[in-house]
Amino acid sequence: MIDVIINVTLLAFLAITAVAIIRMSNLFAIIMLFSMFSFLSAGVFIVMDAIDVAFTEAAVGTGVSTVLMLATLALTKDQKEKQPVAHRPWLPLTVVIVTGSALVYGTLDIPPFGDPDAPAQTHVAPEYLERSIPETGVQNVVTSVLASYRGFDTLGEVTVVFTAGIAVMLLIGGRRRKEELEQPQGDPDDA
Amino acid sequence: MDFIIGHYNYWVVIFLMMAGFYTIISRGNLVKKIVGLNIFQVSVFMLYITMSTVHGGAAPIISEGVENYSNPLPHVLILTAIVVGVATTSLGLALVVRIKEAYGTIEEDEIHELDHSL
Amino acid sequence: MTHNLILRVVSKSLIPLIILFALYVQFHGDFGPGGGFQAGVIMSAGIILYALVFGLDAAEQVIQPPLLRILASIGVVIYAGVGIVSLFFGGNYLNYSVLADNQVAGQHLGILLVELGVGITVFSVMLIIYFSFAGRSRP
């Protein structure tokens, strides 16, 4: 029972933070709230027994992503978001409400939270849990699935991370050229 | 009542997803768009982890005397997705920095105006 | 931020602990929660903390950017190389069972090496990204 209460409270906090992020226009506050959002979601992951995921989310979402977003803010020097004049709120709101209700309609058929007989629980998961110790000798099933059973997948993910690093380095790594610094607005010709 | 407790997680996750989606499509500031994209992303992670939970299950680390574990497969998928997510987010932020340097603004409307005034 | 005494003292004592914890998470991932992805991120968070408190130039002297580029590729090469080695031992690509005498030892060795590759790549890519962002504002 207690974990249900913790779960409900944390999710309510998450919803409040998301609404606050939508309503705010100070970008610094938005980024700090996003950091809180990540930390709360790491708490939710712990309540749902996903320790490895919570670990990563706490280090990545709360630490590295916040630092990178703050660095972007320092580089762009825009502290406040200008309220959009041309956009009317009702069109995106309609799109969001229609999509959201379709998704909620879809959840009515989903097995309830924590159901041990749900289809997701009965196919490959018991196999992994049974075979991890005899086949690999690794107690942490997440590690054995990540590195051994789904090794190709992880190789692909590592390559994606590597490629993203190269792309960031090509885009903004290295010093800016002198003419760019003198004319930060940029020529209309090269825009 | 059981139905509400059993589906509460999914509904909050969908609400968060839609909050992120709304931020992406309704706001013109590129940094705020990226924050919205991240909220969407985290809510998808939460959807997967919600599906992996088993009542009374322990974390999937095999130890003696524990019979009931939560599903390790979504944990693996999301673990890698989080790190890939931060790498792609930083790529988006790098593009924002370059747009600021080229156009002098990160507001979508102003970028459109600059493009059309050429 | 470079003149804040409390921040300097506290972070000086924290950074070794963060790096030690990252190494623990890296090599203890078989038995407890952890693995290459987490360890790489935690380790880079330690260096990013150092760069935030002591300045980018000091951090770039600790780990030079050219070294980071080499490390990022070395991680991927270790991962893919383990797959190639298992091909040479007669198994399928990324089948670690053939790496040692028996299956369990082979899998253990393979998982350890693969996680090491993941950790090195994630660590250096995170730092490459941070150094790119932080170095952009330099005159």
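All figures in this text were calculated on a predicted structure; none of them were measured in a lab.

Asks: Help me out: how do you make sense of the overall build of chain A in this one?
Replies: Assigned secondary structure in chain A consists of nine helices and zero strands. Shown N-terminal to C-terminal, the secondary structure of chain A runs as helices and strands in the order α-α-α-α-α-α-α-α-α. By element, 67% of the accessible surface of chain A is carried by carbon and sulfur atoms, the whole surface being about 9,700 Å².

Asks: How do you make sense of the side chain of Glu-60 of chain C when you look at a structure like this?
Replies: Relative to the elements of secondary structure, Glu-60 of chain C occurs in helix α3 (residues 56-62). Residues within four places of Glu-60 of chain C in sequence aside, it is in contact with Pro-65, Phe-131 and Arg-138 of chain C.

Asks: Sorry if this is basic, but what is going on with the environment of Val-125 of chain C here?
Replies: Tracing the sequence through the fold places Val-125 of chain C in helix α5 (residues 103-136). Its relative accessible area of 1% is what places Val-125 of chain C among the buried residues. For the pair Val-125 of chain C and Leu-56 of chain C, spaced 69 residues apart in sequence, the C-alpha to C-alpha distance is 16 Å. Ignoring any residue separated from it by four or fewer positions in sequence, one finds Val-125 of chain C in contact with Val-161, Phe-162 and Gly-165 of chain A together with Ala-72 of chain C.

Asks: How do you make sense of the pattern of salt bridges when you look at a structure like this?
Replies: Scanning all chains against the criterion turns up six salt bridges over all chains. With a closest N to O distance of 2.7 Å, Glu-101 of chain B and Arg-136 of chain C form a salt bridge. Here Arg-136 of chain C lies in helix α5 and Glu-101 of chain B lies in helix α3 (residues 72-103), a pairing that spans two chains. In this structure Glu-101 of chain B comes out as buried when scored by relative accessible area, which is 13%. Residues joined in a network through salt bridges with shared partners are Glu-127, Arg-131 and Glu-135 of chain A.

Asks: Just to check I follow, could you spell out the interface of chain B and chain A for this structure?
Replies: If you look at the interface, chain B gives 80 residues, while chain A gives 93 residues. Interface area for chain B against chain A, summed over the two sides, is near 8,100 Å², with a carbon-plus-sulfur share of 74%. Counting the contacts that link chain B with chain A gives zero salt bridges. Linking chain B with chain A are 20 residue pairs in polar contact (both at pLDDT 80 or more), by the criterion used here. Those elements that provide at least two residues to the side of chain B that touches chain A are α1 (2-26), α2 (30-52), α3 and α4 (108-116) of chain B. No other element matches α3 of chain B, which puts 26 residues into the side of chain B that touches chain A.

Asks: Help me out: how do you make sense of helix α7 (residues 141-149) of chain A in this one?
Replies: A turn of α-helix holds 3.6 residues, and therefore any two residues three or four places apart point the same way. All names here are of chain A. Counting buried residues in α7 gives eight out of nine residues, a clear majority hidden from the surface. Taken together, the buried positions of α7 are Val-141, Val-142, Thr-143, Ser-144, Val-145, Leu-146, Ala-147 and Ser-148. At the N-terminal boundary of α7, the capping side chain belongs to Asn-140, with an oxygen 3.2 Å from the backbone nitrogen of Val-142.

Asks: So what exactly am I meant to see when it comes to the interface of chain C and chain B here?
Replies: You'll often see interface size given as the accessible area lost when the parts meet. Taken together, the 11 residues of chain C in the interface contact 12 residues of chain B. Taking both partners together, chain C and chain B bury about 840 Å²; carbon and sulfur atoms supply 80% of that area. When the area that chain C buries against chain B is broken down by residue, the three leading residues are Phe-37, Phe-133 and Arg-136 of chain C, summing to 56%. Remark: the boundary between chain C and chain B carries one salt bridge. For the side of chain C that touches chain B, the secondary-structure elements that each account for two or more residues are α2 (36-54) and α5 of chain C. In terms of residue count, α5 of chain C provides more of the side of chain C that touches chain B than any other element does, five residues in total. Taken together, the residues that form the side of chain C that touches chain B break down as eight nonpolar, two polar and one charged.

Asks: How should I be thinking about the domain arrangement of chain A in this particular structure?
Replies: With domains assigned, chain A is organised as domain 1 (1-78) and domain 2 (116-175). Relative placement of domain 1 of chain A and domain 2 of chain A: their C-alpha centres are 23 Å apart.

Asks: Where do I start with a nonpolar patch on the surface in this structure?
Replies: Side chains of Met-1, Ile-2, Ile-5 and Ile-6 of chain A sit close together on the surface and give an oily, nonpolar patch of about 440 Å² of accessible area. One can find Ile-2 of chain A in helix α1 (residues 2-23).

Asks: What am I meant to see in the packing of helix α2 (residues 27-47) of chain A against helix α3 (residues 51-76) of chain A here?
Replies: How two helices sit against one another is set out by the angle between their axes and by the gap between those axes. All names here are of chain A. One way to put it is that α2 packs onto α3 with a least axis distance of 8 Å and a crossing angle of 175 degrees. The orientation of α2 with respect to α3, classified from their angle, is roughly antiparallel. Each of Leu-27, Phe-28, Ile-31, Met-32, Phe-34, Ser-35, Ser-38, Phe-39, Ser-41, Ala-42, Phe-45 and Ile-46 in α2 lies in contact with α3, whose residues at this interface are Val-53, Ala-54, Glu-57, Ala-58, Gly-61, Thr-62, Ser-65, Thr-66, Met-69, Leu-70 and Leu-73. In the contact of α2 with α3, the residues fall into 15 nonpolar, seven polar and one charged.

Asks: Teacher, can you tell me more about the packing of aromatic side chains here?
Replies: Any pair of aromatic rings gets described here by the distance separating the centres and the angle formed by the planes. Taken as a whole and assessed by the stated rule, the structure comprises nine aromatic pairs over all chains. A centroid spacing of 6.3 Å and a plane angle of 20 degrees characterise the contact between Phe-34 of chain A and Phe-37 of chain A, whose relative ring orientation is stacked. One end of the pair, Phe-34 of chain A, and the other, Phe-37 of chain A, are both in helix α2, three residues apart, so they sit about a helical turn from each other. Take Phe-37 of chain A: its relative accessible area is 0%, and that puts it in the buried class. Among the aromatic residues, those joined into a cluster by ring pairs are Phe-55 of chain A together with Phe-21 and Tyr-24 of chain C.

Asks: Honestly, the packing of α1 of chain B against α2 of chain B in this entry has me stumped. Any pointers?
Replies: Residues and elements named next belong to chain B. Where α1 contacts α2, the two axes come as close as 7 Å, and the packing angle between them is 160 degrees. For the element pair α1 / α2, the angle class is roughly antiparallel. Here the hand of the crossing between α1 and α2 comes out left-handed. For the pair α1 and α2, the contacting residues are Asn-9, Tyr-10, Val-13, Leu-16, Met-17, Gly-20, Phe-21, Thr-23 and Ile-24 in the first and Lys-32, Lys-33, Gly-36, Leu-37, Ile-39, Phe-40, Ser-43, Val-44, Met-46, Leu-47, Thr-50 and Met-51 in the second. Split into classes, the residues belonging to the contact of α1 with α2 amount to 13 nonpolar, six polar and two charged.

Rules of the game
Residues numbered from 1 in each chain as written. Chains lettered and ligands numbered in written order. Predicted model: local features only at pLDDT ≥ 70, side-chain atom pairs only at ≥ 80, totals over all residues. Heavy atoms only, no water. Helix = DSSP H or I, 4+ residues; strand = E, 2+ residues; numbered from the N terminus. Areas by Shrake-Rupley, 256 points an atom, 1.4 Å probe, with all protein chains shown as cover. Contact = heavy atoms within 4.5 Å. Buried < 20%, exposed > 50% of the residue type's maximum accessible area, 1.4 Å probe, protein only. Salt bridge = Lys/Arg side-chain N within 4 Å of Asp/Glu carboxyl O. Buried area = accessible area lost by both parts, 1.4 Å probe. Polar contact = N/O pair within 3.5 Å; in protein donor to acceptor, adjacent residues only side chain to side chain. Nonpolar A, V, L, I, M, F, W, Y, C, P; charged D, E, K, R; others polar. Domains from an automatic or database assignment. Patch = residues over 30% accessible without salt bridge, like charges linked within 9 Å, V, L, I, M, F, W, Y side chains within 5 Å. Axes fitted to C-alpha atoms, helices over the stretch in contact; angles between N-to-C directions. Parallel < 35°, antiparallel > 145°, perpendicular 65-115°, else oblique. Phe/Tyr/Trp six-rings, centres within 6.5 Å; stacked < 30°, edge-to-face > 60°. Left-handed = near helix turned anticlockwise from the far one by under 90°.

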